[in-house]
Amino acid sequence: MLVNEATKNAAPDTAPFEPKIVAFCCNWCSYAGADGAGTARKHYPANVKIIKVPCSGRVNPLFVLRAFQKGADGVILCGCHPGDCHYMTGNYYTRRRLTLLMGMLDYLGVARDRLRVAWVSASEGARFAEVMNGFTAHIASLGENVKLRDMRCRK
Amino acid sequence: MQKIEELMREKAAALLQDGTADCVLAWRRGEFPYDHATAVFHTGEELEELTYDCFCPANLAKYLIQTSRAGQKAAVFLKPCDTYGVNQLLKDHRIRRDLVHAVGTPCGGMLDIRKIRAAGCRGIVAIEDRGGDVAVTCAGGPVTLPRAAVLLRKCLACKGNDYKIADEEIGAKQAVPQAPADRFAEVEAIEAMTPEGRFAFWQQELSRCIRCNACRDVCPACSCEQCIFDHPGSGADGKAYADASQEALFHVIRAFHVAGRCTGCGECGRVCPEGIRLDLLNGKFAKDINTCFGPYQPGEDAETPAPQFTFRPGDPDPDTAVRNEDRRDGHA
């Protein structure tokens, strides 16, 4: 049986859905961007849990799968803009890996829409907040992540 | 085929005799005409059992890891498609070139016993590959099947009859089974489904997995000494789980581990006792690598860097590279 996410989320008696969002942010650009958003008093939702990584290249695609598996409703990976990596080339490799991962998630019919890659520099505090607001609203509209947790055991 | 078998025995005996090889990797005659096993031969006497016909689909490349580690010089018989696996292992630094003596062995396509059985053959006594068709002697009488209908799936998308690595070749090259089918036709067919359709398809496939790990064990690209799926502390080992999602991702993780290194030999799909189309997971990565990062065939040679170990500044962004018709917002 295919689990229908929309039906599952339509339960009327539940509290408003609060998505859990994991954001992998590179130390040099995006995490500093998050700092910048705070300093500039730009609001972004508390649903976003940031995991700081030394470089977006540190993010093994399996981290993303693990986050989904453990109950994340959305995962966003933020790094320096291509060409601006603190380690010169880290984000170029990430870009390739995430392209493959996204393609696979799309292919499996799961969660592709729940994964996003955004390049945010240290000076882009406002953009960081904007990206997070947009992504959180988007995930909230998608509802709870069910499919990735339901690939094998049919319910 | 009989003649090639004789040539192989002579060649193996000569290689063992003159010290070129400490052991020979080949196939041993099975109990039935269709269940030949892989084997290591150390002496000339053992070579009596060496066999080669249209039921030797197994790729021997992976055994080279053990022989290389043991410091043994191994002569190995390689069908054209197996040579890709050897190149990939060389590229991955899993085997030593100086300990490998590769013997190119002609192949005209391997047959699928499951397809032969599915065609109604029961109590099979003998099978003769006659080129255009296959004569099966069953307990109930002879049956003739068109060869194209009982070829292994991987042979339908044959990569050609060139050896990508060979110290010597024996026999004459054979013609590839038929006009090679488009490797990615089936991947494209799944891509063309709706997201719900794709999810249902994969749920149907992956739900059958019994976690026997045969796909991992047979894969020439899956060559870690210690596999994360064997590690008791990894949270990803074993067979039965309380948490369903851990099982679900086994195949995705495995496919990702071999992405860019999978030569497309199709062995994972062949050995799966549940007939899960694992080749379609690997095929998706191969297709995406080709379309997003440029044409690349793992195992074509032992030098070209793998697509995930290199980059181009102009690579597409993940969000734009991945076709996505079910996108619901206008994020650029």
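Residues numbered from 1 in each chain as written. Chains lettered and ligands numbered in written order. Predicted model: local features only at pLDDT ≥ 70, side-chain atom pairs only at ≥ 80, totals over all residues. Heavy atoms only, no water.

1. Observations concerning the pairing of strand β7 (residues 133–138) of chain B
All names here are of chain B.
So, point 1. Two strands pair when backbone bridges link them, and strand β6 (residues 124–129) and β7 are joined in this way by five bridges, in the antiparallel orientation. When the sheet's bridge partners are listed, Ala126 is paired in β7 with Thr137.
So, point 2. Hairpin connection of β6 to β7: three residues between the antiparallel strands, including Gly131 at a positive phi of 95°.
So, point 3. Pairing geometry for β7 and strand β8 (residues 141–146), over six bridges, is antiparallel. Note that in β8 the partner of Val134 across the bridge is Leu145.
So, point 4. Linking β7 to β8, which pair antiparallel, is a turn of two residues. (Pairing = 2+ DSSP bridges. Helix = DSSP H or I, 4+ residues; strand = E, 2+ residues; numbered from the N terminus.)

2. A look at the side chain of B:Arg261
So, point 1. Relative to the assigned elements, B:Arg261 resides in the loop between α10 (250–258) and α11 (267–271).
So, point 2. With residues up to four places along the chain from it excluded, the contact list for B:Arg261 reads B:Gln88, B:Asp92, B:Ala221 and B:Pro298. (Contact = heavy atoms within 4.5 Å.)

3. Describing the pattern of salt bridges
So, point 1. Enumeration over the complete set of coordinates arrives at 28 salt bridges over all chains.
So, point 2. Across the pair A:Asp106 and B:Arg198 runs a salt bridge whose closest N-O atoms are separated by 3.2 Å. Taken together, the residues span two chains, with A:Asp106 in helix α4 (residues 90–108) and B:Arg198 in helix α7 (residues 195–206).
So, point 3. A relative accessible area of 0% places B:Arg198 in the buried class.
So, point 4. Here B:Arg208 ties to B:Glu205 by a salt bridge, and the two come within 3.5 Å at their closest N and O atoms.
So, point 5. Exposure remark for B:Arg208: the relative accessible area of 24% places this residue in the partly exposed category. (Salt bridge = Lys/Arg side-chain N within 4 Å of Asp/Glu carboxyl O. Buried < 20%, exposed > 50% of the residue type's maximum accessible area, 1.4 Å probe, protein only.)

4. Let's talk about the confidence of the model for chain A
So, point 1. Scored by pLDDT, chain A comes out at a mean of 86, with 85% of its residues at no less than 70.
So, point 2. Long-range and interchain partners of residues 150–155 of chain A, a stretch whose pLDDT sits below 50, account for 26 contacts in this model, where long-range means more than four residues apart. (pLDDT = per-residue confidence, 0-100.)

5. Notes on empty space enclosed by the protein
All names here are of chain B.
So, point 1. On inspection of all chains with the given rule, the structure shows four cavities of 30 Å³ or more.
So, point 2. Of the voids in this model, the largest cavity is the one considered here, and its volume is about 100 Å³.
So, point 3. In this structure, the largest cavity is lined by 16 residues; those nearest its centre are Cys219, Pro220, Cys262, Thr263 and Cys265.
So, point 4. Secondary-structure elements contributing two or more residues to the lining of the largest cavity are α3 (82–91), α10 and α11.
So, point 5. Grouping the constituent residues of the lining of the largest cavity by class yields seven nonpolar, six polar and three charged. (1 Å grid on protein atoms, 1.4 Å probe; cavity = no way out; pocket = protein on both sides within 12 Å on 5 of 7 lines; lining within 4 Å. Points joined across faces, edges and corners; volume = space filled by probe spheres on them. Nonpolar A, V, L, I, M, F, W, Y, C, P; charged D, E, K, R; others polar.)

6. Side note on the packing of helix α3 (residues 61–69) of chain A against α4(A)
All names here are of chain A.
So, point 1. Between α3 and α4, whose axes approach to 9 Å, the crossing angle comes to 40°. Compared by their axis directions, α3 and α4 come out oblique. In contact with Pro61, Val64, Leu65 and Phe68 of α3, α4 contributes Arg97, Leu101 and Leu105.
So, point 2. Residue composition of the contact of α3 with α4, grouped by class: six nonpolar, no polar and one charged. (Axes fitted to C-alpha atoms, helices over the stretch in contact; angles between N-to-C directions. Parallel < 35°, antiparallel > 145°, perpendicular 65-115°, else oblique.)

7. Description of the sheet that holds β8(B)
Residue and element names in this part refer to chain B.
So, point 1. In space, the three strands of this open sheet follow the order β6-β7-β8, with antiparallel pairing throughout. One side of each edge strand has no neighbouring strand; the edge strands of this open sheet are β6 and β8. Between one strand and the next, the sheet's axes are offset by a mean angle of 20°, whatever the strand orientation.

8. Considering the environment of B:Gly132
So, point 1. Structurally, B:Gly132 can be placed in the loop between β6 and β7.
So, point 2. Looking at B:Gly132, the relative accessible area reads 60%, which means it is exposed.

9. Examining the environment of B:Cys265
All names here are of chain B.
So, point 1. Residue position: Cys265 is located in the loop between α10 and α11.
So, point 2. Exposure remark for Cys265: the relative accessible area of 10% places this residue in the buried category.
So, point 3. Sequence separation between Cys265 and Tyr34 is 231 residues; the distance between their C-alpha atoms is 20 Å.
So, point 4. For Cys265, the contacting residues outside a window of four places in its chain are Lys154, Lys159 and Pro220.

10. A few points about the state of the cysteines
Put plainly, a disulfide is one covalent bond tying together the sulfur atoms of two cysteines.
All names here are of chain A.
So, point 1. With the rule as written, the count across this model stands at one disulfide over all chains.
So, point 2. The disulfide partner of Cys29 is Cys80, and the gap between their sulfur atoms is 2.4 Å. Taking the sign of the torsion about the S-S bond as the criterion, the disulfide between Cys29 and Cys80, at about 100°, is right-handed. Here Cys29, found in the loop between β1 (21–26) and α2 (30–39), pairs with Cys80, found in the loop between β3 (74–79) and α4; they are 51 residues apart in sequence, far enough to count as distant. (Disulfide = S-S within 2.5 Å.)

11. Digging into the side chain of B:Glu191
Residues and elements named next belong to chain B.
So, point 1. Locating Glu191 in the fold gives a position in helix α6 (residues 185–191).
So, point 2. Residue class for Glu191 comes out buried when judged on its relative accessible area of 10%.
So, point 3. Among the polar contacts made by the side chain of Glu191, one reaches the side chain of Lys287 at a distance of 3.0 Å. (Polar contact = N/O pair within 3.5 Å; in protein donor to acceptor, adjacent residues only side chain to side chain.)

12. Points about the sheet that holds β1(A)
Residues and elements named next belong to chain A.
So, point 1. Read across the sheet, four strands follow the order β2-β1-β3-β4 without closing on themselves; strand pairing throughout is parallel. The sheet is open, and its two edges are formed by β2 (48–53) and β4 (115–119), each paired on a single side. Ignoring strand direction, the axes of neighbouring strands in this sheet form an average angle of 20°.
So, point 2. Pairing between β3 and β4: five bridges, direction parallel.

13. What to know about unusual backbone geometry
So, point 1. Residues other than glycine seldom take positive phi values, yet A:Arg41 does so here, at roughly 60°.
So, point 2. Tracing the chain through its elements places A:Arg41 in the loop between α2 and β2.
So, point 3. By relative accessible area, A:Arg41 is classed as exposed at 76%.
So, point 4. For B:Arg211, which is not glycine, the phi torsion reads 55° and is therefore positive.
So, point 5. Considering the arrangement of structural elements, one finds B:Arg211 in the loop between α7 and α8 (214–218).

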